[in-house]
Amino acid sequence: ELVMPFCDGPMNARSPAANTYMTIFANAKDYLYLTTPYLILDTDLTNCILLAARSGVDVRIITPGIPDKKLVYATTRAFYGDLLAEGVRIYEYAPGFIHGKVLVSDDQVAIVGSINMDYRSLIWNYECGTWVSGSPTVLDIKADLLDCIEVSREVCYADWEKTALVKKVGQAVLRIMAPLM
């Protein structure tokens, strides 16, 4: 059983938060569930998530059903298409805004902390997380995420494909601007 707090920030060139996430994504065998209020991914994180999904890992991401910031919410949704097309399951938390930053994988490892899945958290902000491995707490975290999924609305690729062209163009522009958010 191991519980290890860690921190990250713009002065740390080793990027422990992003690297820890990517290591967990790369080593997932069965499932990978995460919740984040802001899903604004860089290419490396996107590729790690997609590689896990392509490898048969059950990847599920929970984002807010009700935004706190409409522009950031729209940018989060701009990342859905690529993920959904590769089998990632995305849920929007129906009761409202979900602010948790939680990751759990394979009943073995979890991270809970202040680290959003966005540029700001992973590059610009000072953030903290707690890495938990081999502890019964991991199963508690998994149960909590499964409870969140139960009250969330699943976003389907077929529904995303029906998005109006003008909205998709707007989303493409938001993705270009994403590192500034």
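Read on for a plain summary of the structure. Just so it is clear, the model here is predicted, and its values are computed rather than measured. (Residues numbered from 1 in each chain as written. Predicted model: local features only at pLDDT ≥ 70, side-chain atom pairs only at ≥ 80, totals over all residues. Heavy atoms only, no water.)

### Quick notes on the side chain of D118
Then step 1. Along the chain, D118 falls in strand β8 (residues 117-118).
Then step 2. Lacking a salt bridge, the buried D118 has R120 as its closest oppositely charged neighbour, with an N-O distance of 5.5 Å.
Then step 3. From its side chain, D118 meets the backbone nitrogen of S121 in a polar contact 2.8 Å long.
Then step 4. If we ignore the near neighbours within four places in the chain, the residues touching D118 are Y38 and I40. (Helix = DSSP H or I, 4+ residues; strand = E, 2+ residues; numbered from the N terminus. Buried < 20%, exposed > 50% of the residue type's maximum accessible area, 1.4 Å probe, protein only. Lys, Arg positive; Asp, Glu negative; His and termini not counted. Salt bridge = Lys/Arg side-chain N within 4 Å of Asp/Glu carboxyl O. Polar contact = N/O pair within 3.5 Å; in protein donor to acceptor, adjacent residues only side chain to side chain. Contact = heavy atoms within 4.5 Å.)

### Some thoughts on the environment of D140
Then step 1. With respect to the helices and strands, D140 occurs in helix α6 (residues 136-150).
Then step 2. When the C-alpha atoms of D140 and D107 are compared, they prove to be 9.6 Å apart, with 33 residues separating the residues in sequence.

### Brief notes about the sheet that holds strand β5 (residues 89-93)
Then step 1. Taken together, the 8 strands give an open sheet; going across it, the order is β1-β9-β7-β6-β2-β4-β5-β10, and neighbouring strands pair in mixed fashion. Either end of the sheet is taken by a strand with one partner, and the two such strands are β1 (2-8) and β10 (152-155). The sheet shows a mean angle of 15 degrees between the axes of neighbouring strands, direction not considered.
Then step 2. Bridge analysis of β1 against strand β9 (residues 127-133) gives 7 bridges, and the strand direction is antiparallel. Bridge assignment links M4 to a residue of β9, and that residue is W131. (Pairing = 2+ DSSP bridges. Axes fitted to C-alpha atoms, helices over the stretch in contact; angles between N-to-C directions.)

### Focus: the state of the cysteines
Cysteine pairs can be linked by a disulfide, which is a covalent bond between their two sulfur atoms.
Then step 1. Here the structure, examined in full by the defined rule, presents 0 disulfides.
Then step 2. The thiol of C148 is not disulfide-bonded; the next cysteine sulfur, from C156, is found 19 Å away.
Then step 3. C156 gets classed as partly exposed once you look at its relative accessible area, which sits at 35%. (Disulfide = S-S within 2.5 Å.)

### Topic: the pattern of salt bridges
Then step 1. Per the counting criterion, the structure on display carries 6 salt bridges.
Then step 2. Close ionic contact of D58 with R60 constitutes a salt bridge, the shortest N to O distance being 3.0 Å.
Then step 3. A relative accessible area of 16% places R60 in the buried class.
Then step 4. Of the charged contacts, one joins E154 and R89 as a salt bridge, the two residues approaching to 2.9 Å between their closest N and O atoms. Pair noted here: E154 is in strand β10 and R89 is in strand β5, with a separation of 65 residues, a long-range link.
Then step 5. Members of the salt-bridge network, linked through shared partners, are R77, E92 and R153.

### Description of the environment of G56
Then step 1. Within the secondary structure, G56 is located in the loop between α2 (43-54) and β4 (58-64).
Then step 2. Taking relative accessible area as the criterion, G56 reaches 55% and is therefore assigned exposed.
Then step 3. C-alpha separation for the pair G56 and M22, spaced 34 residues apart in sequence, amounts to 17 Å.

### Some remarks on the nonpolar core
Then step 1. Counting 39 residues, the largest nonpolar core has Y21, F25, V59, L83 and M117 as its most contacted members.
Then step 2. Breaking this core down by element, the ones donating at least two residues are α1 (16-27), β2 (31-35), β3 (39-40), α2, β4, α4 (80-85), β7 (109-113) and α5 (119-124).
Then step 3. Discounting residues that sit within four places of it in the chain, V59 has contacts with L32, I49, A52, A53, G87, V88 and R89.
Then step 4. The next biggest cluster of nonpolar side chains, apart from the first, holds 15 residues, and it includes I98, V104, V132 and I149. (Core = buried A, V, L, I, M, F, W, Y, C linked by side-chain atoms within 4.5 Å.)

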